[in-house]
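# Working through the structure, step by step
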Amino acid sequence: MQRSMAKTLSSRDLIPIGEMARRTGLSVSAIRFYEGKGLIEPVRTSGNQRRFLRSDLRRVSFILIAQQLGLTLGEIDEAMRTLPHGRTPTARDWRVISAAIRDRIEGRIAEMERMRDRLDGCIGCGCLSLEKCAIYNPDDQLSSKGPGPRTVLVG
């Protein structure tokens, strides 16, 4: 966002960083962190103070939700690049983002369901050794498929 944009916006359109923090439930340092990552971009006043568009409240909310869904900051940044700068995103803008991340979320849901369904059996058998496990890994067959808990993490 350009500093000149601040001249075209009214003070009602902009909120200070403290208000952004209060409204999102984040600390001021967390807001600055997201700014440093390029996920949100403040307008600077003539006194060089940060002001955020009210629509940035939705952007920060999206960041928080996306993180809870397991998306990395890189994935969030990639999705947010499709949002317009200088105006409040529309419902259509958010649908585009939703469609873009839906496949990732569906993949994570499938992985979590697979882990949930297999976790009790693999860890719950009590042997705690894939080398000796006669139930889930007879003759250590899974060692050829790589390290780690293969029956739980890999589909």
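Given the structure is predicted, the values throughout are model-derived calculations rather than measurements.

The rules behind each value
- Residues numbered from 1 in each chain as written.
- Predicted model: local features only at pLDDT ≥ 70, side-chain atom pairs only at ≥ 80, totals over all residues.
- Heavy atoms only, no water.
- Axes fitted to C-alpha atoms, helices over the stretch in contact; angles between N-to-C directions.
- Helix = DSSP H or I, 4+ residues; strand = E, 2+ residues; numbered from the N terminus.
- Parallel < 35°, antiparallel > 145°, perpendicular 65-115°, else oblique.
- Left-handed = near helix turned anticlockwise from the far one by under 90°.
- Contact = heavy atoms within 4.5 Å.
- Pairing = 2+ DSSP bridges.
- Core = buried A, V, L, I, M, F, W, Y, C linked by side-chain atoms within 4.5 Å.
- Buried < 20%, exposed > 50% of the residue type's maximum accessible area, 1.4 Å probe, protein only.
- Salt bridge = Lys/Arg side-chain N within 4 Å of Asp/Glu carboxyl O.

### Focus: the packing of helix α2 (residues 17-24) against helix α4 (residues 56-68)
The geometry of α2 relative to α4 is characterised by a closest axis approach of 10 Å and an angle of 45° between their N-to-C directions. Between α2 and α4, the angle is such that the two are oblique. The handedness of the crossing between α2 and α4 is right-handed. Note on element contacts: α4 touches α2 through Asp56, Leu57, Val60 and Leu64, opposite Met20, Arg23 and Thr24.

### A short note on the pairing of strand β3 (residues 50-53)
Bridge count between strand β1 (residues 14-16) and β3: three bridges; the pairing is antiparallel. Directly across from leucine 14, in β3, lies its bridge partner leucine 53. Sheet analysis places strand β2 (residues 43-44) next to β3, joined by two bridges and oriented antiparallel. When the bridges of β3 are listed, arginine 44 appears paired with arginine 50. Taking the residues between adjacent antiparallel strands as the criterion, β2 and β3 are bridged by five residues, where asparagine 48 takes a positive phi near 65°.

### Some words on the nonpolar core
Among soluble globular proteins, nonpolar side chains are generally buried collectively. Ranked by internal contacts, the top residues of the largest apolar core, which has 24 residues, are Ile31, Phe62 and Ile76. Contributions of two or more residues to this core are made by α2, α3 (28-36), α4, α5 (73-80) and α6 (91-124). Aside from chain neighbours lying at most four places away, what touches phenylalanine 62 is Ile76, Ala79, Met80, Trp94, Ile97 and Ile101.

### As for the packing of α2 against α3
Remark: α2 packs on α3, axes separated minimally by 8 Å, with the N-to-C direction vectors making an angle of 105°. The pairing of α2 with α3 is recorded here as roughly perpendicular in orientation. Note on element contacts: α3 touches α2 through Val28, Ile31 and Arg32, opposite Ile17, Gly18, Met20, Ala21 and Thr24.

### Description of unusual backbone geometry
Although it is not a glycine, asparagine 48 adopts a positive phi angle of roughly 65°. The residue asparagine 48 is located in the loop between β2 and β3 in this model. Classification of asparagine 48 as partly exposed rests on a relative accessible area of 42%.

### Points about the pattern of salt bridges
Across all of its chains, the model carries eight salt bridges by this definition. With its nearest N and O atoms 2.9 Å apart, the salt bridge here joins glutamate 19 to arginine 22. With glutamate 19 and arginine 22 both in helix α2, this residue pair falls three residues apart, about one helical turn. For glutamate 19, a relative accessible area of 24% puts it in the partly exposed group. The partner of arginine 81 in a salt bridge is aspartate 77, with the nearest N and O atoms 2.6 Å apart. On the basis of relative accessible area, arginine 81 is assigned to the exposed category, the value being 63%. The buried category is assigned to aspartate 77, whose relative accessible area is 16%. Residues joined in a network through salt bridges with shared partners are Glu75, Glu78, Arg104 and Arg108.

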